[in-house]
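# Structure at a glance
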Amino acid sequence: MAEDQRDDMLLDEKEEEERLLIVIQAVKPEVRELLGDEEGAHVNRSLGQYLRWARSPQHRQQALTRAADLLETYPQTQVRVKQLKQKDLHELRGLYPYAATGGEVSAIILQCPVEGCTYRKARQYAGQRLICPTHQANLVPVRKPSTGAMG
Ligand SMILES: [Zn+2]
């Protein structure tokens, strides 16, 4: 019984981590608008560092906590974080499919392999199979990102 309880707790922690990760990734592109160019650029850079740091599992929790703390120091971003934190994980995943996978955008945007077809869709989780509604073809990863600079 104790084992089961511990597993539940670990699951909750994981979900909380993912929720926080999505919230941070979702707010990051908005910080320049929310905080102005100078402060926004600084916060954006710091968040980028924390998110890179968060890729390593042993540092993830601390990195996400620090990123959240940073966002909470400004009233404008604090409000956004609060709004997003009210949503449950399922809703967040739906709203920000890129963020759920750690922002590996090019790896999760899939496109129809049929020449001339522009159908594209974001994968919500690793290994998800998506099909073009027009050609019934399995979507394949987009080879080159359509935009250059990000963030
Ligand atoms: Zn197609």
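Rules used in this analysis
- Residues numbered from 1 in each chain as written.
- Predicted model: local features only at pLDDT ≥ 70, side-chain atom pairs only at ≥ 80, totals over all residues.
- Helix = DSSP H or I, 4+ residues; strand = E, 2+ residues; numbered from the N terminus.
- Buried ≥ 20, exposed ≤ 12 C-beta atoms within 10 Å, placed from the backbone.
- Contact = placed C-beta atoms within 7 Å.
- Expected span 1.5 Å × (residues − 1).
- Axes fitted to C-alpha atoms, helices over the stretch in contact; angles between N-to-C directions.
- Parallel < 35°, antiparallel > 145°, perpendicular 65-115°, else oblique.
- Left-handed = near helix turned anticlockwise from the far one by under 90°.
- Core = buried A, V, L, I, M, F, W, Y, C linked by C-beta atoms within 7 Å.
- Pairing = 2+ DSSP bridges.
- pLDDT = per-residue confidence, 0-100.
- Nonpolar A, V, L, I, M, F, W, Y, C, P; charged D, E, K, R; others polar.

What follows covers the overall build of the protein chain. Scanning the protein chain from terminus to terminus reveals 8 helices and 3 strands. By residue count, 20% of the 151 residues in the protein chain fall in the buried class. Here the contacts in the protein chain between residues at least 6 apart in sequence split such that 54% fall between residues at least 24 apart.

Take helix α4 (residues 57–72) next. Taking 1.5 Å as the rise per residue, α4 with 16 residues should run 22 Å; its terminal C-alpha atoms sit 23 Å apart, in good agreement. Of the positions making up α4, those classed as buried are Arg60, Ala63, Leu64, Ala67, Ala68 and Leu71.

With their axes 8 Å apart at the nearest point, helix α3 (residues 37–53) and α4 run at an angle of 165 degrees to one another. One way to sum up the angle between α3 and α4 is to call them roughly antiparallel. Crossing hand, α3 versus α4: left-handed. Contacts from Val43, Ser46, Leu47, Tyr50, Leu51 and Trp53 of α3 reach α4 at His59, Ala63, Arg66, Ala67 and Leu70.

A positive phi angle is found at glutamine 136, which is not glycine, with a value near 55 degrees. Here glutamine 136 lies in the loop between β2 (120–122) and β3 (140–141). The exposed category is assigned to glutamine 136, around which 9 C-beta atoms lie within 10 Å.

In this section: the nonpolar core. One finds Ile24, Leu64 and Ala67 to be the most contacted residues of the largest nonpolar core, which totals 18 residues. At the level of secondary structure, the elements contributing two or more residues to this core comprise α1 (2–27), α3 and α4. Counting residues per element, this core draws most heavily on α1, which supplies 6 residues. What alanine 67 contacts, discounting residues up to four positions off in sequence, is Ile24, Leu47, Tyr50 and Leu51.

This next bit is on the environment of arginine 120. Within the secondary structure, arginine 120 sits in strand β2. Using a count of 14 C-beta atoms within 10 Å as the deciding quantity, one classes arginine 120 as partly exposed. Every residue in contact with arginine 120, bar those within four places of it in the chain, is listed here: Ile109, Leu110, Gln111 and Val142.

Our focus in this paragraph is the sheet that holds strand β1 (residues 109–111). On the basis of which strands lie adjacent, the open sheet formed by 3 strands has the order β2-β1-β3 and antiparallel pairing. Two strands close off the open sheet at either side, each with one partner strand: β2 and β3. For β1 and β3, the ladder comprises 2 bridges, and the chain directions are antiparallel. Each bridged residue has a counterpart across the sheet, and for leucine 110 the counterpart in β3 is proline 141.

This paragraph deals with the confidence of the model for the protein chain. Close inspection of predicted coordinates is inappropriate in any region flagged by low pLDDT. Averaged over all residues, the pLDDT of the protein chain equals 81, while 76% of them reach at least 70. Ignoring residues within four places in sequence, the model shows residues 103–107, a span with pLDDT below 50, making 8 contacts including any to other chains. Considering only residues more than four positions removed or in separate chains, one finds that residues 145–151, a stretch of pLDDT under 50, has 4 contacts.

This paragraph deals with the packing of α4 against helix α5 (residues 75–85). Close contact between α4 and α5 brings their axes to 7 Å; oriented N to C, the two are set at 125 degrees. With respect to each other, α4 and α5 are oriented oblique. Counted together, Ala68, Leu71 and Glu72 of α4 and Thr77, Gln78 and Val81 of α5 form the full contact between these two elements. Of the residues in the contact of α4 with α5, the class split is 3 nonpolar, 2 polar and 1 charged.

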